Amino acid sequence: MTQVAAEFPEKLQCLFQPKRYKVFYGGRGAAKSWGMARALLVIGASRPVRVLCAREFQNSITESVHELLKQQIGALGLGGFYDVQNTRITGANGTEFVFAGLRKNINSLKSYEGIDIAWVEEAANVSKKSWDTLIPTIRRDRAEIWVSFNPELETDETFARFVKTPPADAFVVPISWRDNPWFPDVLRREMTAMKERDPDAWLNVWEGHCAQTLAGAVYAKELRATVEAGRRTQVPYDPGKPVSTFWDLGRSDHTAVWFAQIVGFERRIIDYYEATRHAIGHYIKLLQDRPYTYHTHWLPHDAAHKTIVHPLSIEGQMRAVGMPVRIVPKIGIEDGINAARTIFPTCVFDEERTQDGWQCLTHYRYDVKNDGRVSRAPLHDWASHGADAFRMMAVALQEARPKTLGKPKLQPYAGPVSGPSWMM
């Protein structure tokens, strides 16, 4: 056992006390990541542990906390104990640090069942699917899950799961720059400048308060109105009505699918699925395994293109197994966004099953520059796939809607009611 002398902010002292969950959230400059990395290295030097360092998105080791751990090994004088390799870090006593991105490795997380501590860094945007998969995997006796993040929105899965309704056996600790005894002057100047320039942004970035909406959010007004009208709630599947699906396709990138039942002018959005690195066969099986009766699968225009890896296009492969498929007309992104805005008042979302899709919609945004200028096109990031699939839905519904139908009369959602589906 190696003895290590190290200093920690007072609020991080509980890292050395046993607890299933250790959750630290707050603004920039709080030394959360620095302190948690240091604590893990001290623990790993005192006894053999296997540590998973995870993020929702990690395309390479440079996007992980590998470099941070390497720096702290040097600061703690543990260079003789730890062997820093390209993709992992090992200790002389058998301690091991491994690194993974949750979203792209979701199907291989079961291989991490021997983990003693899972540290999920920058966890604000971790999806419900990732948490639901990771948590039961970390099941070794006395295994712990450490979570650190700067909050963004109250509706984000991580904030809702660990702060709004914290689990049992958990330390849930708000922490800010005030709790960092080594808060540097350069950050203090940045913080003061933001407070003077944009007090709302200062509250989110430095004080760790949730924002009402993200800067540049594409659907901010529509999503707020949906919640205020009670249209984000429990929406059970009605076996008497067919389900249509609406897609954004990707293989090395993400594929996103919304599931909706159309009853009169009401769009009951009952399910959402997203995955990556899968061929179309994975999604065909997914559809077949869901307990739904399908009407139409609406695919983007590129689904009609043939590829070098299969003689049939994605559209052709789905038709070959008897699935009813239509191609969404190709229109500009802004026209598609405007179409999506028109359907929000008639959409009702199942809060549980569409959580990850909702998180995409709330984070879908235009890039806002430091001088306040807003980009003309939305950012292409993790949130854009679910938002693009929702845009496909809006365009598809315009295409499918009978021209004789008049303008819908909008009312607050009052729960499922029976009625005809115009997609029938």
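Observations regarding helix H11 (residues 355-363)
An α-helical turn contains 3.6 residues, so a residue and the one three or four places further along point in the same direction.
Now for step 1: Across the nine residues of H11, nine count as buried, placing the element largely inside the fold.
Now for step 2: Taken together, the buried positions of H11 are occupied by Gln355, Asp356, Gly357, Trp358, Gln359, Cys360, Leu361, Thr362 and His363.

Some words on the sheet that holds strand E2 (residues 50-55)
Now for step 1: Strand order in this open sheet of eight strands is E3-E4-E5-E2-E6-E7-E1-E8, and the pairing throughout is mixed. Where the open sheet ends on each side, the last strands, each with one partner, are strand E3 (82-84) and strand E8 (170-174). Direction aside, neighbouring strands of the sheet carry axes that sit 15 degrees apart on average.
Now for step 2: One ladder, built from four bridges, connects strand E6 (residues 117-120) with strand E7 (residues 144-149); its direction is parallel. Bridge pairing links Val120 to Val147 in E7.

Notes on the environment of Ala383
Now for step 1: By the element assignment, Ala383 lies in the loop between strand E17 (374-378) and helix H12 (384-400).
Now for step 2: Taking the C-alpha atoms as reference, Ala383 lies 6.8 Å from Leu361; in sequence the two are 22 residues apart.
Now for step 3: Ignoring anything within four residues of it in the chain, the contact list for Ala383 reads Cys360, His363 and Tyr364.

Here we look at the pattern of salt bridges
Now for step 1: Inspection of every chain in the model, using the stated rule, returns 25 salt bridges.
Now for step 2: Asp179 is the salt-bridge partner of Lys11, the closest N and O atoms lying 3.6 Å from each other. Placement of the pair is Lys11 in the segment before strand E1 (21-25) and Asp179 in the loop between E8 and helix H5 (185-197), with a sequence separation of 168 residues.
Now for step 3: One connected set of salt bridges, linked through shared partners, spans Lys128, Asp132, Glu157, Arg161 and Glu352.

Some points on the confidence of the model for the chain
Now for step 1: Confidence in the prediction for the chain averages 89 pLDDT; 91% of positions are at 70 or higher.
Now for step 2: Low pLDDT, under 50, characterises residues 403-414; the predicted model gives this stretch 22 contacts beyond four residues in sequence or across chains.
Now for step 3: Confidence drops under a pLDDT of 50 for residues 416-424, and excluding neighbours within four residues, the segment shows 28 contacts in the predicted structure.

Looking at the packing of helix H7 (residues 220-228) against H11
Now for step 1: Axis separation between H7 and H11 bottoms out at 9 Å; the angle between their running directions is 135 degrees. If you check the angle between H7 and H11, you find them oblique. Here H7 contributes Leu223, Thr226 and Val227 to the contact with H11, which in turn contributes Trp358, Leu361 and Thr362.
Now for step 2: Looking at side-chain class alone, the contact of H7 with H11 contains four nonpolar, two polar and no charged residues.

Comments concerning the side chain of Gln359
Now for step 1: Among the secondary structure elements, Gln359 is positioned in helix H11.
Now for step 2: Within polar-contact distance, the side chain of Gln359 engages the backbone nitrogen of Glu157 at 2.9 Å.
Now for step 3: Residues within four places of Gln359 in sequence aside, it is in contact with Ala124, Asn125, Val126, Asp156, Glu157 and Trp382.

What about the nonpolar core?
Now for step 1: Judged by nonpolar contacts, the single largest core of 35 residues is most densely connected at Tyr219, Trp258, Ile269, Phe349, Leu361, Phe390 and Met393.
Now for step 2: Elements that contribute at least two residues to this core include exactly strand E11 (254-263), strand E12 (266-276), helix H10 (333-343), strand E15 (347-350), H11 and H12.
Now for step 3: Take this core: its biggest share by element is nine residues, from H12.
Now for step 4: Sequence-distant contacts of Phe349, defined by excluding residues within four places in its chain, comprise Thr226, Arg231, Arg232, Thr233, Val235, Trp258, Ile269, Phe344, Thr354, Trp358, Leu361 and Phe390.
Now for step 5: Core analysis: the second largest hydrophobic core is formed by 34 residues, Leu12, Val49, Tyr82 and Ile117 among them.

Focus on the packing of helix H3 (residues 128-137) against helix H4 (residues 157-164)
Now for step 1: For the pair H3 and H4, interaxial distance at closest approach is 9 Å and the crossing angle is 50 degrees. Here H3 is positioned oblique relative to H4, judged by the angle of their axes. Taken together, the residues of H4 that come into contact with H3 (itself represented by Lys128, Trp131, Asp132 and Ile135) are Glu157, Thr158, Arg161 and Phe162.

Details of the packing of aromatic side chains
Now for step 1: Throughout the structure, instances matching the rule amount to 25 aromatic pairs.
Now for step 2: Judged by centre distance (6.0 Å) and plane angle (20 degrees), the rings of Tyr25 and Phe149 are stacked. Of this pair, Tyr25 sits in strand E1 while Phe149 is found in strand E7, placing the two residues 124 residues apart along the sequence. Comparing Tyr25 with Phe149 shows no difference in burial state: the two are buried.
Now for step 3: In textbook terms, an aromatic cluster arises when at least three aromatic residues are bridged by ring pairs, as seen for Tyr219, Trp258, Tyr272, Phe344, Phe349, Trp358, Tyr364 and Phe390.

Overview of the pairing of strand E13 (residues 294-299)
Now for step 1: With respect to burial, E13 is a largely interior element, five of its six residues being buried.
Now for step 2: Here three bridges tie E13 to strand E14 (residues 325-327), and the two strands are oriented parallel to one another. Note that in E14 the partner of Leu299 across the bridge is Ile327.
Now for step 3: Handedness of the crossover joining E13 and E14 through helix H9 (residues 314-320) is recorded here as right-handed.

What counts, and where the lines are drawn
Residues numbered from 1 in each chain as written. Predicted model: local features only at pLDDT ≥ 70, side-chain atom pairs only at ≥ 80, totals over all residues. Heavy atoms only, no water. Buried < 20%, exposed > 50% of the residue type's maximum accessible area, 1.4 Å probe, protein only. Helix = DSSP H or I, 4+ residues; strand = E, 2+ residues; numbered from the N terminus. Pairing = 2+ DSSP bridges. Axes fitted to C-alpha atoms, helices over the stretch in contact; angles between N-to-C directions. Contact = heavy atoms within 4.5 Å. Salt bridge = Lys/Arg side-chain N within 4 Å of Asp/Glu carboxyl O. pLDDT = per-residue confidence, 0-100. Parallel < 35°, antiparallel > 145°, perpendicular 65-115°, else oblique. Nonpolar A, V, L, I, M, F, W, Y, C, P; charged D, E, K, R; others polar. Polar contact = N/O pair within 3.5 Å; in protein donor to acceptor, adjacent residues only side chain to side chain. Core = buried A, V, L, I, M, F, W, Y, C linked by side-chain atoms within 4.5 Å. Phe/Tyr/Trp six-rings, centres within 6.5 Å; stacked < 30°, edge-to-face > 60°. Right-handed = clockwise from strand over helix to strand, strands pointing away.

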